[in-house]
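# Summary of structural features
Chain by chain, the residues run as shown.
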Amino acid sequence: MCIPAATGRPVTWKELKLHATAEDLWVAVNGRAYDLTEYQHLHPGSALILQHVAGTDASEAFQAFKHPTSARLTMLKYGVGFMESAREKPRTDAAQQLIQVRSKMEAAGLFRVNYWNYVVLAAGLAVAFIAVLLCVKERWVVPGALLLSLFWQQLALVGHDVGHNQILRTRSLDSMIGIGITLFLGASVQWWKYNHNTHHVTPNSSEHDPDIQHLPFFALSNQFFRNLRSTFYQATMVFDNAVTKMMISVQHYTFLPMMLVARFGFYAMSTFHLLAKGRPAIYKPFEVAAFLGFFTWYLALCFCLPTWTERILFFVISHACFGIINLQMAATNNVSCPEWMDWFHGGLQYQIEHHLYPDLPRHHLRAASAYVRPMCAKLGIKYHSPTFFQAIGEVLGALKVVASQARNLPKEHVLVK
Ligand code: HEM
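Because the structure is a prediction, the values reported are computed rather than measured.

The sites that carry the UniProt feature "transmembrane region" (unreviewed entry) are, in the present numbering, residues 115-134, 140-160, 172-192, 255-276 and 288-308. As a span, residues 115-134 carries 100% helix and 0% strand, and end to end its C-alpha atoms are 29 Å apart. Within the segment residues 288-308, helix and strand shares are 86% and 0% respectively, and the terminal C-alpha atoms sit 28 Å apart.

Right, let's get into the confidence of the model for the chain. Looking at the chain, pLDDT values average 92 and 95% of them are 70 or higher. For this predicted complex, the interface confidence comes out at an ipTM of 0.94, alongside a pTM of 0.90.

So, about the packing of helix 7 (residues 141-163) against helix 14 (residues 308-325). Look at helix 7 against helix 14: their axes get within 8 Å of each other, and the N-to-C directions meet at 35°. The hand of the helix 7/helix 14 crossing is right-handed. Across from Val 141, Val 142, Gly 144, Ala 145, Leu 146, Leu 148, Ser 149, Leu 150, Trp 152 and Gln 153 in helix 7, the residues of helix 14 making contact are Glu 310, Leu 313, Phe 314, Ile 317, Ser 318, Cys 321, Phe 322 and Ile 325. Of the residues belonging to the contact of helix 7 with helix 14, the class tally is 13 nonpolar, 4 polar and 1 charged.

Bringing the domain arrangement of the chain into the picture now. Many analyses report the size of an interface as the accessible area lost when the parts associate. What the domain assignment lists for the chain is domain 1 (9-90) and domain 2 (115-325 + 386-407). Just the C-alpha atoms count here: the centres of domain 1 and domain 2 sit 32 Å apart. Each partner contributes residues to the interface: domain 1 has 11 residues there, and domain 2 has 12 residues. Per element, the largest residue contribution to the side of domain 1 that touches domain 2 is 3 residues, and it comes from helix 2 (residues 47-52).

Attention now goes to helix 8 (residues 171-185). For helix 8, with 15 residues, the first-to-last C-alpha span of 20 Å sits near the 21 Å given by 1.5 Å per residue. Those residues of helix 8 that sit buried are Ser 175, Gly 178, Ile 181, Thr 182 and Leu 185. The arc enclosing the buried residues of helix 8, seen along the axis, measures out at 105°, which places them on a common side. Directly beyond the C-terminal end of helix 8, a positive phi value near 75° is found at Gly 186.

Quick look at the UniProt feature "domain: Cytochrome b5 heme-binding" (unreviewed entry) in the chain now. The UniProt entry lists residues 8-84 under the feature "domain: Cytochrome b5 heme-binding" (unreviewed entry), expressed in the numbering used here. Span residues 8-84 is 35% helix and 26% strand, its end C-alpha atoms 12 Å apart.

Turning our attention to the site of the ligand. By nearness alone, 25 residues border the ligand, and Gly 45, Ala 58, Ala 61, Ala 71 and Arg 171 come closest of all. Secondary-structure elements contributing two or more residues to the shell around the ligand are strand 3 (24-29), helix 2, helix 3 (59-64), helix 4 (69-78) and helix 9 (189-201). For the shell around the ligand, the element with the highest residue contribution is helix 4, accounting for 4 residues. In the shell around the ligand, the residues fall into 16 nonpolar, 7 polar and 2 charged. Residue-level mapping places the shell around the ligand at the junction of two domains, with at least three residues from each of domain 1 (9-90) and domain 2 (115-325 + 386-407).

Pairing between strand 3 and strand 4 (residues 32-35): 4 bridges, direction antiparallel. Its bridge partner being in strand 4, Ala 28 is matched across the sheet by Ala 33. Where strand 3 folds back on strand 4, the antiparallel hairpin that results is connected by 2 residues, among which Asn 30 adopts a positive phi of roughly 45°. The sheet contact formed by strand 4 and strand 5 (residues 79-83) spans 3 bridges and is antiparallel.

Quick notes on the rules
Residues numbered from 1 in each chain as written. Predicted model: local features only at pLDDT ≥ 70, side-chain atom pairs only at ≥ 80, totals over all residues. UniProt positions renumbered as here; feature names shortened; annotations may be inferred. Helix = DSSP H or I, 4+ residues; strand = E, 2+ residues; numbered from the N terminus. pLDDT = per-residue confidence, 0-100. Axes fitted to C-alpha atoms, helices over the stretch in contact; angles between N-to-C directions. Left-handed = near helix turned anticlockwise from the far one by under 90°. Contact = placed C-beta atoms within 7 Å. Nonpolar A, V, L, I, M, F, W, Y, C, P; charged D, E, K, R; others polar. Domains from an automatic or database assignment. Expected span 1.5 Å × (residues − 1). Buried ≥ 20, exposed ≤ 12 C-beta atoms within 10 Å, placed from the backbone. Arc of directions from axis to C-beta. Near = placed C-beta within 6 Å. Pairing = 2+ DSSP bridges.

Have a look at this one:
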């Protein structure tokens with residue numbers, strides 16, 4: 001990618017590190033230094049994401065999120081100077097391998113979208129939705145509700161593709177598809193995107209990654225046995241109270257039942273995002289309309305069923321089943337499955353490939369694994385890919401370990417703030 005030259009003076013890496021706060025925010029991108037203190041609040045990818053890379057070489061993160069020409073022109077305004085050297089440290093073996101493998105996959109056409117996949121998927125979604133309407137008309141409550149939960153699960157997976165601009169490759173156009181998804185899924189795609197982009201920039205950081213911040217219900221490691229401040233929620237995740245400690249100590253039992261109500265988390269987070277100030281507000285009026293539109297059609301559908309028993313049953317099954325089939329998201333590691341099951345996992349069974357190359361279209365992830373596995377072997381990195389049920393077992397096992405640590409905490413456990 002061609003980055004416009006920032007005019008100005010030489011900047012040392014030591015100096016860059018002195019500007020690593022929200023109040024004084026510099027980053028280096030491809031050998032140039034930028035002062036983004038003011039721009040952070042205009043940044044479409046959020047101020048928070050820039051704060052996470054403040055004072056560092058953000059070239060790789062910048063590259064990972066495709067930036068259009070307008071971004072490169074904007075950068076001209078904020079240039080401070082050029083870095084004393086193109087990189088702070090020479091590229092590691094792993095970084096070099098990543099770039100080489102990317103070039104090979106580009107040459108093999110893996111970064112090109114095959115639109116037939118989406119035509120088939122869209123047709124499948126349309127058929128599923130019409131089938132749900134027919135089921136409701138015929139009062140087939142259970143099949144209708146099960147089908148609806150599968151429809152939502154598949155739509156959520158398309159939301160993931162859209163969030164990474166994997167379909168139309170342009171943020172505005174993919175966001176339009178996202179608004180359609182909000183209408184049929186009842187979840188703000190812009191909330192999810194804000195959440196998920198932060199997760200990609202700060203994976204597995206207990207303070208920064210919203211995908212692992214689930215107190216008071218779950219703690220994924222003993223890092224959470226402190227009252228940690230979440231930079232994402234701008235709130236303290238309080239561990240030091242009786243209810244949280246009790247919940248964590250039994251989390252391996254509550255995990256699966258909690259998935260039954262996970263759907264409500266989508267509603268809560270979307271509402272919070274749409275009402276919150278200071279978050280990326282692009283397309284907000286459309287998103288709000290689509291979000292409200294969802295409740296209108298969904299409740300209207302429930303009320304097409306003549307009795308309260310049928311309505312409640314339809315509501316409960318469609319919501320609970322959505323949570324259960326979304327367990328494949330909860331595994332958050334690679335999952336080995338036969339090729340014919342790829343549609344069900346929606347690409348999330350290739351977490352390793354996806355995290356290394358987030359803009360890789362999901363239908364090429366299986367082919368990409370043929371490049372990534374040898375790369376891992378070469379670098380001596382274990383490529384872990386259990387089956388679906390093994391993966392769930394591993395998640396439960398990890399939760400159990402942390403639960404037992406929580407149970408055995410000494411009474412005088414000191415909280416490090
Ligand atoms: C250095 C100056 C930067 C400028 C001028 C800039 C500008 C922009 C612009 C104009 C967009 C909207 C893109 C579009 O409409 O397709 C954008 C999106 C984004 N940027 Fe940056 N950016 C900068 C640095 C960074 C860095 C260092 C990161 C990562 C740490 C980052 C992460 C993102 C993300 C996650 C998005 C959202 C992408 C999306 O919504 O699909 N940006 N940026």
